[in-house]
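In case you want the letters, here they are:
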Amino acid sequence: MKKIKWVMNNLPKTADKNLPIMSLENVAKARAFHKSFPQYKETPLVRLSGMAKELGIADFFVKDESYRFDLNAFKVLGGSFAMANFIAEKLGRDVSEMTYQYLTSPKLKQEFGQATFFTATDGNHGRGVAWAANRLGQKAVVLMPKGSTKPRFDNIAKEGAQVTIEEVNYDECVRMANALAQKTPNGVMVQDTAWDGYEKIPSWIMQGYGTMASEAAEQLKAYGVKRPTHIFVQAGVGSLASAVQGYFANLFNGTGPDDSCPITVIMEAQIADCLYRSASTADGHIEFATGDLQTMMAGLACGEPNTIGWDILRNHSSAFLSCPDWVSALGMRRLAAPVKGDTPVVSGESGAVGMGVVTTLMTNPDYKELKEQLKLDENSRVLMFSTEGDTDPENWRNVIWNGKQVD
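Each chain has its residues counted from 1, running along the sequence as written. In keeping with the model being predicted, local features are shown solely for residues with a pLDDT of at least 70 and side-chain atom pairs are shown and tallied solely at 80 or more, while totals for entire chains, interfaces and linings include all residues. The basis for the side-chain values is all heavy atoms of the structure; hydrogens and waters are excluded.

**Overview of the environment of Tyr102**
Structurally, the position occupied by Tyr102 is in helix 4 (residues 100–103). To sort residues, take the accessible area from a 1.4 Å probe on protein chains only and compare it with the maximum for the residue type: under 20% means buried, over 50% means exposed, and anything in between is partly exposed. For Tyr102, a relative accessible area of 9% puts it in the buried group. Between the C-alpha atoms of Tyr102 and Ser36, which are 66 residues apart in sequence, the distance is 9.9 Å. Two residues form a contact once any of their heavy atoms are found within 4.5 Å. Residues in contact with Tyr102, not counting those within four places in the same chain, are Leu91, Arg93, Glu97, Lys107, Leu108 and Glu111. Of the polar contacts made by the side chain of Tyr102, one reaches the side chain of Arg93; its length is 3.1 Å. Counting from the N terminus, the helices are the DSSP runs of H or I reaching at least four residues and the strands are the DSSP runs of E reaching at least two. Side-chain atoms alone can form a polar contact between residues adjacent in sequence; in general such a contact is a pair of N or O atoms within 3.5 Å, and within protein one must be able to donate a hydrogen while the other accepts it.

**A short note on the side chain of Ser239**
Mapped onto the elements, Ser239 comes out in helix 10 (residues 239–251). Of note is the side chain of Ser239, whose polar atom sits 2.8 Å from the side chain of Asn306.

**Notes on the sheet that holds strand 7 (residues 187–189)**
Read across the open sheet, the 4 strands follow the order 6-5-4-7; overall the sheet is parallel. This sheet does not close on itself; its edge strands, each paired only once, are strand 6 (162–165) and strand 7. Each adjacent strand pair in this sheet contributes to an overall mean axis angle of 20°, direction not counted. Summarising the sheet, strand 4 (residues 116–120) and strand 5 (residues 139–144) pair through 5 bridges and their orientation is parallel. In the sheet register, Thr119 faces strand 5, and the bridge partner there is Val142. Axis lines are fitted to C-alpha atoms, over the contacting stretch for helices. Their N-to-C directions set the angle, which ranges from 0 to 180 degrees. Contacts from helix 7 (residues 150–157) reach strand 5 and strand 6 within the one sheet, and its direction differs from that of strand 6 by about 165°. Here, a strand pair is defined by DSSP locating no fewer than two bridges between the strands.

**Overview of the pairing of strand 3 (residues 59–64)**
Buried residues dominate strand 3, accounting for 6 of its 6 residues. Across the two faces of strand 3 the burial is the same, with Asp59, Phe61 and Lys63 and Phe60, Val62 and Asp64 all buried. Relative to strand 3, strand 2 (residues 45–47) is paired through 3 bridges, and the arrangement is antiparallel. Each bridged residue has a counterpart across the sheet, and for Arg47 the counterpart in strand 3 is Phe61. Bridge analysis of strand 3 against strand 11 (residues 381–386) gives 6 bridges, and the strand direction is parallel. Looking across to strand 11, one finds that Val62 is bridged to Met384.

**Points about the nonpolar core**
Grouped together as the largest cluster of nonpolar side chains are 95 residues, with contacts concentrated most on Leu103, Phe248, Phe320, Leu383 and Phe385. A per-element tally of this core places helix 9 (residues 200–222) first, with 10 residues. Those residues within four positions of Phe385 in sequence are excluded, and the remaining contacts are Lys63, Met212, Ala213, Ala216, Ile231, Phe232, Val233, Gln234, Val244, Phe248 and Gly351. Definition used in this section: a nonpolar core is a set of buried Ala, Val, Leu, Ile, Met, Phe, Trp, Tyr and Cys residues joined via side-chain atoms within 4.5 Å. Counting residues in hydrophobic clusters, the runner-up holds 42 residues, among them Leu48, Leu321, Cys323 and Leu376.

**Re the sheet that holds strand 10 (residues 319–323)**
Spatial ordering of the open sheet is given by 1-10-9-8-11-3-2, a layout of 7 strands whose pairing is mixed. Across the chains shown, the open sheet's two edge strands, defined by having one partner strand only, are strand 1 (5–8) and strand 2. Adjacent strand axes in the sheet meet at a mean angle of 20° when their direction is disregarded. Here strand 9 (residues 263–269) runs beside strand 10; their pairing, made up of 5 bridges, is parallel. Each bridged residue has a counterpart across the sheet, and for Val265 the counterpart in strand 10 is Ala319.

**Looking at the side chain of Gln207**
You can see Gln207 is positioned in helix 9. The exposure class assigned to Gln207 is buried, which follows from its relative accessible area of 10%. In contact with Gln207, other than residues within four places in its own chain, are Ile21, Met22, Asn26, Ala30 and Phe81.

**With respect to the pattern of salt bridges**
Basic side-chain nitrogens of Lys or Arg form a salt bridge, by our definition, when they fall within 4 Å of a carboxyl oxygen of Asp or Glu. The tally for this structure, following the rule as stated, stands at 21 salt bridges. The partner of Asp94 in a salt bridge is Lys29, and the shortest N-O contact between them spans 3.1 Å. Of this pair, Asp94 sits in the loop between helix 3 (76–91) and helix 4 while Lys29 sits in helix 1 (residues 24–35), and the two are 65 residues apart along the sequence. Its salt-bridge partner being Lys63, residue Glu215 comes within 2.8 Å of it at the nearest N-O pair. Taken as a pair, Glu215 in helix 9 and Lys63 in strand 3 lie far apart in primary sequence, 152 residues in all. Like Glu215, the residue Lys63 is buried in the burial classification.

**Some thoughts on unusual backbone geometry**
Here the phi dihedral of Asp70 falls at roughly 60°; this positive angle occurs in a residue that is not glycine. Summarising the element assignment, Asp70 is placed in the loop between strand 3 and helix 3. Even without being a glycine, Leu293 presents a positive backbone phi close to 60°. Residue placement: Leu293 occurs in the loop between helix 11 (274–281) and helix 12 (307–316).

**Regarding helix 11**
Of the positions making up helix 11, those classed as buried are Cys274, Leu275, Tyr276, Ser278 and Ala279. Those residues of helix 11 hidden inside the fold are in contact with strand 1, strand 9, helix 12 and strand 10. Just downstream of helix 11 lies Ala282, where phi reads positive at about 60°.

**Some remarks on helix 12**
Because an α-helix packs 3.6 residues into every turn, residues spaced three or four apart end up facing the same way. Counting buried positions over the 10 residues of helix 12 gives 8, a clear majority of the element. All of the buried residues along helix 12 are Ile308, Gly309, Trp310, Asp311, Ile312, Leu313, Arg314 and Asn315. Buried residues belonging to helix 12 abut helix 9, helix 10, strand 9, helix 11 and strand 10. Capping of helix 12 at its N-terminal end is provided by Asn306; its side-chain oxygen lies 3.0 Å from the backbone amide nitrogen of Ile308.

Structure below.
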């Protein structure tokens, strides 16, 4: 069985110029925008008290994004907020004026017209962009990488987007979509990865993801938990991870006692572990993962990091983990059938890796050193994000019902 690989964060720090992207003020704007949608409802923060006791930690919380806008994943938060910001900028207005009511009104068509939003996706981001474009009367073109599943393709197509599966990996799809956007009148690239010269839209997407982190922080307080000791968050290009990291680094900024940022663990699919590789060099340079990047964790199959997200992660995250597919399968099973009395969570391949990691660290003596380095013990209050439900229903059933084995 393949091993989880890990490295503690010993990277040289930067000026941290990107942390303000995830300021509490910016995230509050994003959340206010999402609240204007009639479909908006906070997703559950599930407290797995029985699981926590079973694992030997104080508390365990799972943010269940399978309920987000009935789209079975969190990604729509980013794409929709980026679209709103783009439209606001074109109209010379503030995003606070871009309510759902306005964006779906005839007045928007008169003042803005219509754009075509291009993106590349393994499934959830593209579905979110397509859904938002459909609701707002805009167009969407979505490119998917080799190996994308039919259910994920169909979910995007039914939102009215033009969608294709290309014979290249995710990162090449990003380049193809960007080239198409540049050649198309009123074409706009809406991607959650950043590179030199393409940073504004990814920043807006990250702020949109902040809605999820903001909800979780408030929900923890409702449970009587001011601050988690640990946050486990997965990464593809790193936009979600850096959004969560950035929000909590701003929320717990060390200005008071017991107000330091929680220990934050970044987890990747082993075949696409660009952040882990970048952290392992310890010199601050970004490393890429190349090839087909075929993994069960399709939403994490990204080989080139978001540059602005990487800056936040290298300054604030505690450790980077490279996880084989079996880690996610373990997490999926644990969440689907937890300890009696706990609420089951339908978590997909890219959503369950945090459960698999925590379970492994607390039950497998082979990872004792990592467990101790992370100070994971009976006093730990853990927060993780299940970012998708069963977005590939057939594979989810094969893992949960049929005991599908993966390496």
